Amino acid sequence: MMRGLGELESTIMDRMWARRRPASVRDVLEDLRQERTIAYTTVMTVMDKLHTKGLLKRRPVGRAYVYEPVASKEAYTADLMRSALAGSGNQAATLVHFLERLTPEEAAALEAALQVYPHRGGRA
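Residues numbered from 1 in each chain as written. Predicted model: local features only at pLDDT ≥ 70, side-chain atom pairs only at ≥ 80, totals over all residues. Heavy atoms only, no water.

Draft legend 1. Main features of the sheet that holds strand β2 (residues 56–61). Judged by pairing direction, the sheet is antiparallel, and its 3 strands sit side by side in the order β1-β3-β2 without closing on themselves. Of all strands in the sheet, those bounded by a partner on one side alone are β1 (23–24) and β2. Here β2 runs beside strand β3 (residues 64–69); their pairing, made up of 6 bridges, is antiparallel. Looking across to β3, one finds that valine 61 is bridged to alanine 64. Those strands touched by helix α3 (residues 40–52) are β1, β2 and β3, and its axis lies near 120° from that of β2. (Pairing = 2+ DSSP bridges. Helix = DSSP H or I, 4+ residues; strand = E, 2+ residues; numbered from the N terminus. Contact = heavy atoms within 4.5 Å. Axes fitted to C-alpha atoms, helices over the stretch in contact; angles between N-to-C directions.)

Below, the structure written as structure tokens:
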């Protein structure tokens, strides 16, 4: 089952997704330091772990790496949702509980998504 991210991992990924361009550890560090005190080595370690987990890809530039997300935030979230559903034991019951808890805005977003998603399995 796919796991969610820790707090700092999530914060760094949110920054990387928002950037929409490659970033070095120093770039992310400077961004994070606007809100908190944090060490370069901490950011470097977390970004390396995110790379190991397959969420960030990297390429060497000089003596450092430049990182970028492997997938969009929406694609990552969809993978988490599928993983949770797959591990639920009773997918139909899980989906019913999920639907019961949707806000009106979430229900509208689901309806809009179903309108643009192509039907599969020969169903109309």
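Draft legend 2. View of the packing of aromatic side chains. Enumeration according to the criterion identifies 2 aromatic pairs in this entry. With a centroid separation of 5.7 Å and 40° between ring planes, the pair formed by tryptophan 17 and tyrosine 76 is classed as tilted. Of this pair, tryptophan 17 sits in helix α1 (residues 7–19) while tyrosine 76 is found in helix α4 (residues 73–86), placing the two residues 59 residues apart along the sequence. Note on tyrosine 76: relative accessible area 9%, which makes it buried. We note arginine 58 situated over the ring of tyrosine 65; from NZ or CZ to the ring centre the distance is 4.0 Å. (Phe/Tyr/Trp six-rings, centres within 6.5 Å; stacked < 30°, edge-to-face > 60°. Buried < 20%, exposed > 50% of the residue type's maximum accessible area, 1.4 Å probe, protein only. Lys NZ or Arg CZ within 6 Å of the ring centre and 35° of its normal.)

Draft legend 3. Expanded view of the pattern of salt bridges. This structure, assessed with the given rule, holds 6 salt bridges. Here glutamate 9 makes a salt bridge to lysine 53, at a shortest N to O gap of 2.7 Å. Of this pair, glutamate 9 sits in helix α1 while lysine 53 sits in the loop between α3 and β2; the two residues are 44 residues apart in sequence, bridging distant segments of the chain. Its salt-bridge partner being lysine 73, residue aspartate 14 comes within 2.9 Å of it at the nearest N-O pair. Of the two residues, aspartate 14 is situated in helix α1 and lysine 73 in helix α4; the sequence distance between them amounts to 59 residues. Counted as one network, the salt bridges with shared partners bring together Arg15, Asp31 and Glu35. (Salt bridge = Lys/Arg side-chain N within 4 Å of Asp/Glu carboxyl O.)

Draft legend 4. Quick peek at a nonpolar patch on the surface. A cluster of nonpolar side chains, namely Met81, Leu95, Phe98, Leu99, Leu110 and Leu114, defines an oily patch on the protein surface of about 540 Å² accessible area. Of all the secondary-structure elements, those providing two or more residues to the nonpolar patch are α5 (91–100) and α6 (104–116). At 3 residues, α5 tops the list of elements feeding residues into the nonpolar patch. Examined against the element boundaries, methionine 81 turns out to sit in helix α4. Under the relative-accessibility criterion, methionine 81 is labelled partly exposed at 48%. (Patch = residues over 30% accessible without salt bridge, like charges linked within 9 Å, V, L, I, M, F, W, Y side chains within 5 Å. Areas by Shrake-Rupley, 256 points an atom, 1.4 Å probe, with all protein chains shown as cover.)

Draft legend 5. Geometry of the pairing of β3. In this sheet, β3 lies alongside β1 in antiparallel orientation, the contact comprising 2 bridges. Considered in β3, the bridge of alanine 23 is made with tyrosine 67. The loop that links β2 with its antiparallel partner β3 comprises 2 residues; one of these, glycine 62, has a positive phi angle of about 65°.

By themselves, these figures tell us nothing about what the structure is for.
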